[in-house]
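Coordinate analysis (summary)
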Amino acid sequence: MSAVKHLPPDLLPDSHLLKPEHHEFRARLRRYLAEHVEPVWAEYEAHERFPRDILKDMAKEGFLGIPFPKEYGGMGLDSLSLAMAIEEFSRAWGSLGIIMAAHIGLGSSPIWNWGNEEQKRKYLVPLARGERMGGYGLTEPQAGSDSGATKTNARFDGTHWILNGAKAWCTNATEAFSYVVSAVTDGDKGKGSGISAFIVEKDFPGFSFGKKEDKMGLRASATGVLLFDNCKVPAENLLGEEGQGFKYFMKTLDGGRITIGAMALGLGYAALEEAVKAVVGENYTKDLWAHEYKLAPLAEIATELAAARQMIYNAAITKDLQPRWTQDGAMAKWFASEVAMRATDRLVTYMAERGLEMNSKFSSAFRDAKLCTIGEGTNEICRVVIARELLKGYQPA
Ligand SMILES: Cc1cc2nc3c(=O)[nH]c(=O)nc-3n(C[C@H](O)[C@H](O)[C@H](O)COP(=O)(O)OP(=O)(O)OC[C@H]3O[C@@H](n4cnc5c(N)ncnc54)[C@H](O)[C@@H]3O)c2cc1C
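Residues numbered from 1 in each chain as written. Predicted model: local features only at pLDDT ≥ 70, side-chain atom pairs only at ≥ 80, totals over all residues.

1. Some words on the overall build of the protein chain
The number of helices and strands found in the protein chain is 11 helices and 8 strands. Relative to the compact-globule value of 21 Å for 397 residues, the protein chain shows a C-alpha radius of gyration of 21 Å, a close match. When the backbone C-alpha atoms are referred to their principal axes, the protein chain occupies close to 75 × 60 × 40 Å. For the protein chain, long-range pairs separated by at least 24 residues make up 74% of all intrachain contacts whose partners lie at least 6 apart in sequence. (Helix = DSSP H or I, 4+ residues; strand = E, 2+ residues; numbered from the N terminus. Rg over C-alpha atoms; globule rule 2.2 N^0.38 Å. Contact = placed C-beta atoms within 7 Å.)

2. Comments concerning the packing of helix H9 (residues 326-356) against helix H10 (residues 361-372)
Here H9 crosses H10 at 160 degrees, and the two axes come no closer than 8 Å. In terms of axis orientation, H9 runs roughly antiparallel to H10. Considering the relative orientation of H9 and H10, their crossing is left-handed. For the pair formed by H9 and H10, the contact residues are Ser337, Ala340, Met341, Thr344, Asp345, Leu347, Val348, Met351, Arg354, Gly355 and Leu356 on the first element and Phe362, Ser363, Ala365, Phe366, Ala369, Lys370 and Cys372 on the second. Here the residues of the contact of H9 with H10 are counted per class, giving 11 nonpolar, 4 polar and 3 charged. (Axes fitted to C-alpha atoms, helices over the stretch in contact; angles between N-to-C directions. Parallel < 35°, antiparallel > 145°, perpendicular 65-115°, else oblique. Left-handed = near helix turned anticlockwise from the far one by under 90°. Nonpolar A, V, L, I, M, F, W, Y, C, P; charged D, E, K, R; others polar.)

3. Re the site of the ligand
Of all residues adjacent to the ligand, which total 22 residues, the nearest are Thr139, Gly144, Ser145, Thr378 and Glu380. Class assignment for the residues of the shell around the ligand results in 11 nonpolar, 9 polar and 2 charged. The residues that make up the shell around the ligand include at least three from each of domain 2 (134-243) and domain 3 (247-391). (Near = placed C-beta within 6 Å. Domains from an automatic or database assignment.)

4. Structural notes on the nonpolar core
Counting 114 residues, the largest nonpolar core has Ala83, Phe198, Ile312, Ala336, Ala340 and Leu347 as the members making the most contacts within it. With 16 residues, helix H7 (residues 245-281) is the largest single contributor of residues to this core. Once you skip the residues sitting within four places of it in the chain, Phe198 turns out to touch Ala154, Trp161, Leu163, Val181, Ala183, Val233, Asn237, Leu238 and Leu239. (Core = buried A, V, L, I, M, F, W, Y, C linked by C-beta atoms within 7 Å. Buried ≥ 20, exposed ≤ 12 C-beta atoms within 10 Å, placed from the backbone.)

5. Side note on the packing of helix H4 (residues 79-92) against H7
Viewed as axis vectors pointing N to C, H4 and H7 meet at an angle of 40 degrees, and their least axial separation amounts to 7 Å. As far as their axial angle goes, H7 and H4 are oblique. Between H4 and H7 lies a crossing of right-handed hand. Touching Ser79, Leu82, Ala83, Ile86, Glu87, Glu88, Phe89, Ser90 and Arg91 of H4 are Ile258, Thr259, Ala262, Met263, Leu265, Gly266, Leu267, Tyr269 and Ala270, all from H7. Broken down by class, the residue content of the contact of H4 with H7 amounts to 11 nonpolar, 4 polar and 3 charged.

6. Points about the domain arrangement of the protein chain
Looking at the assigned domains, one finds that the protein chain contains domain 1 (20-129), domain 2 (134-243) and domain 3 (247-391). Computed over C-alpha atoms only, the centres of domain 2 and domain 3 are separated by 30 Å. Tallying the contact residues gives 9 residues for domain 2 and 9 residues for domain 3. The class makeup of the residues in the side of domain 2 that touches domain 3 is 4 nonpolar, 5 polar and no charged.

7. Some points on the pairing of strand S5 (residues 195-201)
Counting buried residues in S5 gives 6 out of 7 residues, a clear majority hidden from the surface. As judged from the 7 bridges shared by strand S4 (residues 178-184) and S5, these two strands associate in the antiparallel manner. Within S5, the position partnered with Tyr179 by the bridge is Val200. One ladder, built from 2 bridges, connects S5 with strand S8 (residues 238-239); its direction is antiparallel. Each bridged residue has a counterpart across the sheet, and for Phe198 the counterpart in S8 is Leu238. (Pairing = 2+ DSSP bridges.)

8. Overview of H10
Structurally, the α-helix is built with 3.6 residues per turn, so residues lying three or four positions apart point the same way. Taking 1.5 Å per residue, 12 residues should reach 16 Å; H10 reaches 17 Å between its end C-alpha atoms and fits that length. Burial of H10 is extensive: 12 of the 12 residues sit out of reach of the surface. Burial in H10 covers these residues: Lys361, Phe362, Ser363, Ser364, Ala365, Phe366, Arg367, Asp368, Ala369, Lys370, Leu371 and Cys372. Check the buried side of H10 and you find it contacts helix H2 (41-46), helix H5 (94-114), H7 and H9. (Expected span 1.5 Å × (residues − 1).)

9. Some details on unusual backbone geometry
Excluding glycine, residues mostly have negative phi values, and the peptide bonds linking residues are mostly trans. The backbone of Ala352 shows a phi angle near 50 degrees, a positive value even though the residue is not glycine. Locating Ala352 in the fold gives a position in helix H9. A count of 9 C-beta atoms within 10 Å places Ala352 in the exposed class. For Glu376, which is not a glycine, the phi torsion comes out positive at approximately 60 degrees. One can find Glu376 in the loop between H10 and helix H11 (379-391).

What follows is the structure in structure tokens.
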């Protein structure tokens, strides 16, 4: 039985994309986060403490396997529920949002999408149950936006794939048990071709961790380097078909963009909610017209966040209904992250000294939201993706 009795009302207009079960799920998430995360997040963030104990507790609720079928340890919910959950986790705490987005969307989803039955039983079930954490290694020191330029390579020695190279900026590095990693298996093929996907366990011989990144935000989430020095990966850990990895990684990012958009939305919402509470505390609401200068920015920010929410929820629904949703995800992520940056920037100024306080909801959301313009394809890359989709079908004869 939850100790939290009254949840604050939602600040944004009701979305008719939500069914009653989505409203119930949001209420359940909010109640849980209000009780277990909101009272403690700032302490973890200030000390850069990875929330192992919180994640263990969240696993009991099923939250680490939201979109995966129940028979594989998940909750069996839809992509809209996942987007809403990442929004709520991020609203409570940005670091929790990115940890969960990486664990579910990047470290586990590819195994669900392209793994064989044995891989799903061995890796997906403990990930979905939250017994283990997952990570995703695509980015390399010299291959970020241009991930087709991957240098990490894998050669088959008859029983094992031998991996050499490095992955940079991996979320959940050191904390995850398994990582879905890209490596070139056929260097003779062109850029982007000849890349395969592998499931790599942290204890495989030749695997180690490099430096931990010292980030301006999301400080309790671990981000680091994965190193492969003749790392021995069993033949059966090739994920999907050899040479198809690039396609899998790009498709994974299409979905990841919806969750990163949801993260941005949650961060913007958190800062707005805190500002609304402050304004109510100052009694400005008594005479709205006299304090128009104080209230108009909140109205503008709420309107932009409401538009971002519709785009994200719509992209999540489209992902479950249609084969093509690349453009929906890229648009939602680009728009929501720009809105979140604008909102948090304005709200830090709006709250002045309180806004600048380290680990206030304002300053932390401002720092954390910046990631959303970079991760899962920077916003420049999202625009390239959107433009490419716009032009499809209109090629000259
Ligand atoms: C907190 C955090 C967590 C992350 N987690 C993960 C993870 O779990 N796994 C993972 O694999 N990666 C992860 N990343 C890496 C992230 O995906 C990359 O940082 C991102 O793809 C950009 O790559 P880059 O940093 O190498 O920048 P670059 O690719 O070097 O880009 C530098 C700048 O050039 C611009 N640019 C590049 N190419 C173009 C172009 N064609 N047109 C226009 N502009 C262009 C970019 O937009 C950017 O502004 C994470 C990053 C951060 C910050």
